[in-house]
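# Notes for the structure review
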Amino acid sequence: MIIAAAYVRVSTDEQTDYSPAAQLDDIKDYARKNGYHIPDEFIFMDEGISGKRADKRPAFQNMIRQAKNKSNHIQYIIVHKYDRFARNKDDSVLYKALLKKNGVKVISVKEPIPQDDKLAVIYESILDAMAEYYSINLAEEVNKTMIKKAEMGEWQTTAPFGYRSENKSLAIVPEEAKMVRYIFEQYISGTSMFALSRQMNQMGYRTHRGNVFENRTIQYIINNPVYKGYMRWTPGKKVRRNFNDPDSIIAKGNWEPIVPEEIWEAASTRFKNEKKTHYRHKRPDTEGIHWLSSMVKCSSCGRSLIVGTKYKNGAIQFQCGGYNHGQCHDSHAISTNRLIPALFTELEKIAENPDVKGCHYTIRRNTPASDELDVHVALLAKAQQRLKKAKEAYLNDIDTLEEYRSNKLNIEKEISILEDRIAEIQKQHDMPFDHSAFSAKITSVLEILKDDSRSMEDKRKAFKSICEKIIYHKHENSLELFLIDG
């Protein structure tokens, strides 16, 4: 009895004529007519897998291992057509040579080649070459189709966080969409990507692949135009972190956007500005020359004023970095001899009376966004529902008393944490602006800034606790302060 193995393969883009069942029926019929016996354990099948890479086909690799095992006595591997064995000429030659060395031959049902014909090698090589040509041509045609679909704004891949796939388009997942809006709003207001990823993980969210949120996850969300209603498709490439690839196709999609275009653009602008100032060997903030380094901005171009000249008396001249590099045509230069006294005067006036007239400043309160409250309320409702289901599982004898006690304890702990956070958020939202506390904080920071014994790092941390940035308006000879309360 001649022992043979059957190998069946079909990829997702091929017709039903190549279905696994049809291939296997033909192989079994061929074996029966030619006196081969195929044991059930020697039927190997790869479904929905391309033939371009043999190392990516688990059943194929298992078949090779079994064929090399002398105790199995496999003499032939039967395939429907040679392109089922491989669509890559190099793989075909490599694995056929390996099998031949172990006394195993590959034969095709639909392309019979006389094994004793000296021209068999040429025939088989031609068939292998045709299979590879078909694979290359098919890939090109598929790529053309995908490009056409992308230009029409048709969604073609896994739905991103906030959406689900539906009828070749995207449908909003309300709870996820709320968090996407929260990410954009918080990022625009100054929250870091690291802080946002940590918040998402703490609230129990995971990506659609089941992974935790990371900096790069938030970065991808911020830069994905899908959230403003646009398709981005980069033929033959993965987007990775090159969000401005010139080969990318950007087209209006037919789904509902989660965030308005102006919100998306504001987040994109912040990301681009940060990218300009964050590079691999950037000096850490703790090594800045002055506590005002990177804090003062040019009113014309928005870039930071950088150290230009150091004077013998210890003063420093700040100059617009854009002007220094020919990217700003308005020279915004000011020395610390003028800048610091002017800044102290403004802060002293605000500390004395936060409603003082004549000072150019705004105060941003560090209170949670309304979306965060909605999210925590929704999470609380879910936790309460899980507690109810846990009790039902115990009453219906699905869970033991011990399992119920354990579940109940964990869920009640989660509910307690959520209730505390909701109460904290509501309290912060309802809390009126405390003029006296804000004034006291500014006064405390001023004491640190004026103390020559304090380190540059102490002064920097103190100043950043009350101020996000300062805009220097050269032509009005004024400072615009962006202060923080909380």
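In the block above lies the structure referred to throughout.
Summary of the structure given here. This is a predicted model, so every value here is computed, not measured.

## With respect to the environment of tryptophan 255
- Note on placement: tryptophan 255 falls in the loop between strand S9 (249-252) and helix H9 (261-277).
- In this structure the C-alpha to C-alpha distance between tryptophan 255 and leucine 170, which are 85 residues apart in sequence, comes to 5.6 Å.
- A polar contact is formed between the side chain of tryptophan 255 and the backbone oxygen of valine 226, at a distance of 3.1 Å.

## Focus on unusual backbone geometry
- Even without being a glycine, histidine 73 presents a positive backbone phi close to 60 degrees.
- In this fold, histidine 73 is placed in the loop between helix H2 (58-68) and strand S4 (74-79).
- Despite not being glycine, serine 294 shows a phi value in the positive range, around 70 degrees.
- Position of serine 294 relative to the elements: it lies in the loop between H9 and strand S10 (296-298).

## Here's the deal with the pairing of strand S16 (residues 478-485)
- Within S16, seven of the eight residues are buried, which leaves the element mostly enclosed by the surrounding structure.
- Pairing between strand S15 (residues 467-473) and S16: six bridges, direction antiparallel. Looking at S16, one finds that isoleucine 471 is bridged to glutamate 480.
- Between S15 and the antiparallel strand that follows it, S16, lie four residues; asparagine 477 among them carries a positive phi value of about 50 degrees.

## Focus: the pairing of S4
- By the criterion of burial, S4 is predominantly enclosed, with five of the six residues buried.
- Where strand S1 (residues 2-10) meets S4, five bridges bridge the pair, whose relative direction is parallel. Pairing of alanine 4 across the sheet is with tyrosine 76, part of S4.
- Taken together, the four bridges between S4 and strand S5 (residues 105-108) define a ladder with parallel strand orientation. Counterpart to tyrosine 76 in the pairing with S5 is lysine 105.

## What about the packing of helix H14 (residues 435-450) against helix H15 (residues 456-464)?
- The interhelical angle for the contact between H14 and H15, taken along N-to-C directions, is 155 degrees, at an axis separation of 9 Å. Between H14 and H15, the angle is such that the two are roughly antiparallel. Handedness of the H14/H15 crossing: left-handed. Counted together, Val445, Ile448 and Leu449 of H14 and Asp458, Lys459, Ala462 and Phe463 of H15 form the full contact between these two elements.
- Partitioning the contact of H14 with H15 into residue classes produces five nonpolar, no polar and two charged.

## Some points on the packing of aromatic side chains
- Scanning the model with the defined rule gives twelve aromatic pairs in all.
- Plain terms: the ring middles of tyrosine 36 and tyrosine 76 are 5.1 Å apart, the flat faces sit at 45 degrees to each other, and that makes the pair tilted. With tyrosine 36 in strand S2 (residues 36-37) and tyrosine 76 in strand S4, this pair connects stretches of sequence that are 40 residues apart. Taken as a pair, tyrosine 36 and tyrosine 76 share a single burial class, namely buried.
- An aromatic cluster is defined as three or more aromatic residues linked by ring pairs; in this entry it consists of Tyr7, Phe60, Phe85 and Tyr95.

## Comments concerning the nonpolar core
- Ranked by size, the top nonpolar core spans 41 residues in total, and within it Phe184 and Tyr227 carry the most contacts.
- When residues of this core are traced back to their parent elements, those giving at least two are helix H6 (174-188), helix H7 (193-202), helix H8 (215-223), H9, helix H12 (370-395) and helix H13 (401-430).
- Among the elements that take part in this core, H6 stands out by supplying seven residues, more than any other.
- Residues in contact with tyrosine 227, not counting those within four places in the same chain, are Pro160, Phe161, Tyr163, Val180, Phe184, Ile221, Pro257, Ile258, Val259 and Trp264.

## Notes on H14
- Counted at 1.5 Å a residue, the expected span for H14 with its 16 residues is 22 Å, and the 23 Å between its end C-alpha atoms agrees.
- All of the buried residues along H14 are Phe438, Ser439, Ile442, Val445, Leu446, Ile448 and Leu449.

Thresholds, definitions, all that
Residues numbered from 1 in each chain as written. Predicted model: local features only at pLDDT ≥ 70, side-chain atom pairs only at ≥ 80, totals over all residues. Heavy atoms only, no water. Helix = DSSP H or I, 4+ residues; strand = E, 2+ residues; numbered from the N terminus. Polar contact = N/O pair within 3.5 Å; in protein donor to acceptor, adjacent residues only side chain to side chain. Buried < 20%, exposed > 50% of the residue type's maximum accessible area, 1.4 Å probe, protein only. Pairing = 2+ DSSP bridges. Axes fitted to C-alpha atoms, helices over the stretch in contact; angles between N-to-C directions. Parallel < 35°, antiparallel > 145°, perpendicular 65-115°, else oblique. Left-handed = near helix turned anticlockwise from the far one by under 90°. Contact = heavy atoms within 4.5 Å. Nonpolar A, V, L, I, M, F, W, Y, C, P; charged D, E, K, R; others polar. Phe/Tyr/Trp six-rings, centres within 6.5 Å; stacked < 30°, edge-to-face > 60°. Core = buried A, V, L, I, M, F, W, Y, C linked by side-chain atoms within 4.5 Å. Expected span 1.5 Å × (residues − 1).

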